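So the chains spell out like this:
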Amino acid sequence: MNSSKKNIVIFSMTGGFGHIRAGQALLEFAKENLSQVSVTHVNIADMSPALKDFFAVVYDSASRKLPFVWAALYKASDSRSLALVFKKMFGAQLSLKRKFTRYLLEKKPDGIIFTNVVSLSL
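Conventions adopted
- Residues numbered from 1 in each chain as written.
- Predicted model: local features only at pLDDT ≥ 70, side-chain atom pairs only at ≥ 80, totals over all residues.
- Heavy atoms only, no water.
- Pairing = 2+ DSSP bridges.
- Helix = DSSP H or I, 4+ residues; strand = E, 2+ residues; numbered from the N terminus.
- Axes fitted to C-alpha atoms, helices over the stretch in contact; angles between N-to-C directions.
- Contact = heavy atoms within 4.5 Å.
- Buried < 20%, exposed > 50% of the residue type's maximum accessible area, 1.4 Å probe, protein only.
- Core = buried A, V, L, I, M, F, W, Y, C linked by side-chain atoms within 4.5 Å.

Colleague: What am I meant to see in the sheet that holds strand 2 (residues 37-43) here?
Modeller: Paired through backbone hydrogen bonds, the strands of a sheet run either parallel or antiparallel to each other. The strand order 2-1-3 describes an open sheet built from 3 strands, whose pairing is parallel. Of all the strands in the sheet, the pair left with one neighbour each is strand 2 and strand 3 (111-114). Each adjacent strand pair in this sheet contributes to an overall mean axis angle of 20 degrees, direction not counted. Examined bridge by bridge, strand 1 (residues 6-12) and strand 3 share 4 bridges and lie parallel to one another. By the bridge assignment, Ile 8 is partnered in strand 3 with Gly 111. Across the sheet, helix 1 (residues 19-33) is in contact with strand 1, strand 2 and strand 3; its angle to strand 2 comes to roughly 165 degrees.

Colleague: I keep staring at the environment of Ala 22 and nothing clicks. Help me out?
Modeller: By secondary structure assignment, the location of Ala 22 is in helix 1. Considering only alpha carbons, one finds Ala 22 and Asn 116, 94 residues apart in sequence, at a separation of 9.5 Å.

Colleague: Can you walk me through the pairing of strand 2 in this structure?
Modeller: Successive side chains on a regular strand alternate, one facing one side of the sheet and the next facing the other. Where burial is concerned, most of strand 2 is hidden: 6 out of the 7 residues are buried. With 7 bridges connecting them, strand 1 and strand 2 associate as parallel partners. Residue pairing for strand 2: Phe 11 is matched across the bridge by Val 42.

Colleague: Before we go on, may I ask you to explain the nonpolar core in this structure?
Modeller: Across soluble globular proteins, nonpolar side chains have a tendency to be buried as a group. Membership of the largest hydrophobic core is limited to 11 residues, which are Val 9, Phe 11, Met 13, Val 42, Ile 44, Ala 45, Met 47, Leu 51, Leu 96, Phe 100 and Tyr 103. Those elements that place two or more of their residues in this core are strand 1 and helix 5 (94-107). In this view, Tyr 103 contacts Val 9, Phe 11, Thr 40, Val 42 and Met 47; residues no more than four positions away in its chain are not counted. Within the second largest apolar cluster, 6 residues are counted, among which are Ile 10, Leu 27, Val 37 and Val 39.

Structural measurements only, silent on function.
Next up, the structure:
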């Protein structure tokens, strides 16, 4: 990698609402239009098998059988409130925080893009 290139990391997380697709779209745009930028897209759920399983079961089940719950949560909360909820939820997920921190220390990005509020809380 050319050291003069800016290094950007896009963090998404499996959980519906198109966050992974949004991250992929940003990555593709950068590849096609920003040759001076090195961009990596990471699905945070891949860092934690337990988290990936949780979202696969809970999100998929709830979104298909109880879509009104997701709609109510989305309408009733702003992103800061949701970030606090997820921060408390993942407070016990120390292993994920450690992996996330190690990843950032290793990559040393110049910029970070979060496509959803869950990954922002880390």
